[in-house]
Amino acid sequence: MASGTLYTYPENFRAYKALIAAQYSGAQVKVAEDFVFGETNKSDAFLKKFPLGKVPAFETSDGKYLTESNAIAYYVANEQLRGKTDLEKAEVIQWFGFADSEILPASSAWVFPLLGIMPYNKQTIEHAKEDVKKVLTVLNSHLLTRTFLVGERLTLADISVATTLFHLYQYILEPSLRKPYQNVTRWFQTVINQPQSIAVIGAFKLADKILEYDPKKYAEPQGKSSKKEKKEKESKKEPKEPKESKAKEQAEELDAADALLAAEPKSSNPFDSMPKGSFDLEDFKRFYSNEDEAKSIPYFWEKFDPAHYSIWLGEYKYNDELTKVFMSCNLISGMFQRLDKMRKGAFASSCLFGTDNDSTISGIWVWRGQDLVFTLSPDWQVDYESYNWTKLNPSEDKTKELVKQYFSWTGTDKEGRKFNQGKIFK
Amino acid sequence: MVLCNVKCVENISKYLNVAPGKLYVSKNNVVAAKDLLEKESLEGFSTIVQTLVKLSKFSNILGKDAVTQALTRQWLEYVVLNVNYADNLKNVKRILKVFQFRLDNPNQNVINMSFTLYSQELNLILRKSTYITGTEKTVADVVLYYALHSIMQGLTHQEKAEYVNVSRWFDNIQQDEKLRQELELINFNLLNLYL
């Protein structure tokens, strides 16, 4: 029986294929616990095993490596799931192809812009809607006379196609939109409500309302209505936003105050009007990414231009509300995502110290200009109030020590909690 | 002759691996079981089926939660009250016609009283769900399979296509050899020609 370790970020629909298949077959599939998306899969050790650096990736217990979600699911499946006859096996592969090359591009082109992952282009979306209609119509007529896609029992084809339809059913296909595709919906609900699926994905809720595109949301994605979209934007992990209600209040204030601002295209970046100085931030970011901290930290001090740049310590105010480590990490990366346009003139290393239910977040920030940067653009004001900001004097040794600690992801917080995870804003 | 007969209960007990004891038709003209429970004879199709399931190793097929269990019982009643008398052609047409009528006018009341008791008719229910009571097979599917087998056997391909949801469900259910026993595997392959 197949067994091994699956590398993936949480809530990855591709990884679900293998995890659900394993529920049916009884294969021992362990999800790598310490996996950090964007870090683990970029590490040398990982790339040696999986040169593409993509997930899901599977390491068998006897040290063989597999990539591509369908292949992994096939490997950990059982005879029934793979198809019992040669024809059924071929049909399963046919549906793999259908899911990947027909459903996924159409679904992504429609859903991703609404989630803010891709730029919104009306024409592209209209195109995508047509494509989605086409694939759903094909599926619907196939499933009129059939209970499952291949044969009369559930196979990998069902698992693969259903998981690929996740985003559409989660965000787009509200009751009126899914009405013409009743057979697809019947089948989809059957597949995701099998105990084996529920064990992996939990209870799945079909969309009540289509996710609307709202350009303002992009600036204030912490509002309640867009909680889901943020979830998707952030390396697709599940953040439980502890500050949600507060953030919502704030979002509403912004709604009123910035109605005019938001109506205009946000073109100017506050950094544009500041003198550049001698510190080439892009160059440092490159150096930092490519070199060891032993080299990059001296490099930072060598190049740093205190006249035009400032260093800040940002400490999260509500540490006592932090629970799970991965949720706190999502809080950090969510903030980074929302500050996307700030990357041009800023660099930061934000770290989580401690463990589940006993942790703190703090970070060292470097940005162009001498004042608190967040007030300069309405785009940047979502999270900063949740932090205490202290400007550090670049010539003090204490500052040097902090920079070293945060840039190299070592040490402890003020209360002695050990470094757990770090995120770089660059 | 009715469909919820001794033969049907025998099939069900065989599927469930339970010895039904002596089955007979009582003086009330319903199926009864003499030795299923100690010192007690049971009368009535639904009661006997539920007892059989409880005595079997598959007690979960009564439904995994309260709602499903209630639906399962409702369908057992439905079988007794409606499908039971579908053993002559006139009644078959009536049942299927009602199914079809419900399919086209899901919000209108059906004139026939015995059917209005059950707001969810088979074809309508099966249009939206894979199995009778939802997403998992329950004893309602098993019982309806046995009860409907002779009806489905008598349908033309065109009629099968007309009641496509029932046909789709039936074809899925009948693939279980243990369930099918010595009953004929009904062919639904030509369904597509009439759709």
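Above this note sits the structure.
Bear in mind that the values here come from a model prediction, so they are computed numbers and not experimental data.

1. A short note on a nonpolar patch on the surface
Together, B:Leu190, B:Leu193 and B:Tyr194 give the surface a local cluster of nonpolar side chains, amounting to about 310 Å² of exposed area. Looking at the element boundaries, B:Leu190 is found in the segment after α10 (177-180).

2. Overview of the side chain of A:Thr5
Examined against the element boundaries, A:Thr5 turns out to sit in strand β1 (residues 3-7). Not counting residues up to four positions away in its chain, the partners in contact with A:Thr5 are A:Lys30, A:Ala32, A:Ala57, A:Phe58 and A:Glu59.

3. Concerning the sheet that holds strand β4 (residues 65-67) of chain A
Residues and elements named next belong to chain A. The sheet built from four strands is open, its strands ordered β2-β1-β3-β4 with mixed pairing. If you trace the sheet from one side to the other, it starts and ends with β2 (28-31) and β4, each paired once. On average, adjacent strands in this sheet sit at an angle of 25° to one another, irrespective of strand direction. Both β1 and strand β3 (residues 57-60) contribute to a ladder of four bridges, which runs antiparallel. Each residue of the ladder has a partner; that of tyrosine 7, found in β3, is alanine 57. Across the sheet, helix α3 (residues 69-76) lies against β1, β2, β3 and β4, angled at about 125° from β4, the strand it touches most.

4. Details of the interface of chain B and chain A
In this complex, chain B contributes 20 residues to the contact, which on the side of chain A involves 16 residues. When the buried surface of chain B facing chain A is broken down by residue, B:Thr135, B:Arg168 and B:Asn172 rank first, second and third, together holding 36% of it. Linking chain B with chain A are zero salt bridges. Run the count over chain B and chain A and you get five residue pairs in polar contact (both at pLDDT 80 or more). Elements with a contribution of two residues or more to the side of chain B that touches chain A: α6 (122-128) and α9 (164-173) of chain B. A total of six residues in the side of chain B that touches chain A trace back to one element, the largest contributor, which is α9(B). Residues of the side of chain B that touches chain A, tallied by class, amount to six nonpolar, seven polar and seven charged.

5. Let's talk about the packing of aromatic side chains
All names here are of chain A. Applying the stated criterion across every chain yields a total of 52 aromatic pairs over all chains. Seen in terms of ring centroids, phenylalanine 279 and phenylalanine 300 are 5.8 Å apart; in terms of plane orientation they differ by 80°. Their pairing is edge-to-face. Of this pair, phenylalanine 279 sits in the loop between α15 (259-263) and α16 (281-290) while phenylalanine 300 sits in helix α17 (residues 293-303), and the two are 21 residues apart along the sequence. One exposure class covers both phenylalanine 279 and phenylalanine 300, and it is buried.

6. Focus: helix α18 (residues 325-338) of chain A
Residues and elements named next belong to chain A. Here α18 spans 20 Å end to end across 14 residues, near enough to the 20 Å set by a 1.5 Å rise per residue. A large share of α18 lies buried, amounting to 12 of its 14 residues. Looking at α18, one finds that the buried residues are Val325, Met327, Ser328, Cys329, Asn330, Leu331, Ile332, Ser333, Gly334, Met335, Phe336 and Arg338.

7. Overview of the packing of helix α1 (residues 6-15) of chain B against helix α7 (residues 139-153) of chain B
All names here are of chain B. Where α1 meets α7, the closest approach of the two axes is 10 Å, and the angle between their N-to-C directions is 140°. It follows that α1 is oblique to α7 by the angle criterion. α1 and α7 meet at a crossing whose hand is right-handed. Residues Cys8, Asn11, Ile12 and Tyr15 of α1 form the contact with α7, whose own contacting residues are Val142, Val143, Tyr146 and Ala147. Looking at the contact of α1 with α7 residue by residue, the classes come out as seven nonpolar, one polar and no charged.

What counts as what
- Residues numbered from 1 in each chain as written.
- Chains lettered and ligands numbered in written order.
- Predicted model: local features only at pLDDT ≥ 70, side-chain atom pairs only at ≥ 80, totals over all residues.
- Heavy atoms only, no water.
- Patch = residues over 30% accessible without salt bridge, like charges linked within 9 Å, V, L, I, M, F, W, Y side chains within 5 Å.
- Areas by Shrake-Rupley, 256 points an atom, 1.4 Å probe, with all protein chains shown as cover.
- Salt bridge = Lys/Arg side-chain N within 4 Å of Asp/Glu carboxyl O.
- Helix = DSSP H or I, 4+ residues; strand = E, 2+ residues; numbered from the N terminus.
- Contact = heavy atoms within 4.5 Å.
- Pairing = 2+ DSSP bridges.
- Axes fitted to C-alpha atoms, helices over the stretch in contact; angles between N-to-C directions.
- Buried area = accessible area lost by both parts, 1.4 Å probe.
- Polar contact = N/O pair within 3.5 Å; in protein donor to acceptor, adjacent residues only side chain to side chain.
- Nonpolar A, V, L, I, M, F, W, Y, C, P; charged D, E, K, R; others polar.
- Phe/Tyr/Trp six-rings, centres within 6.5 Å; stacked < 30°, edge-to-face > 60°.
- Buried < 20%, exposed > 50% of the residue type's maximum accessible area, 1.4 Å probe, protein only.
- Expected span 1.5 Å × (residues − 1).
- Parallel < 35°, antiparallel > 145°, perpendicular 65-115°, else oblique.
- Left-handed = near helix turned anticlockwise from the far one by under 90°.

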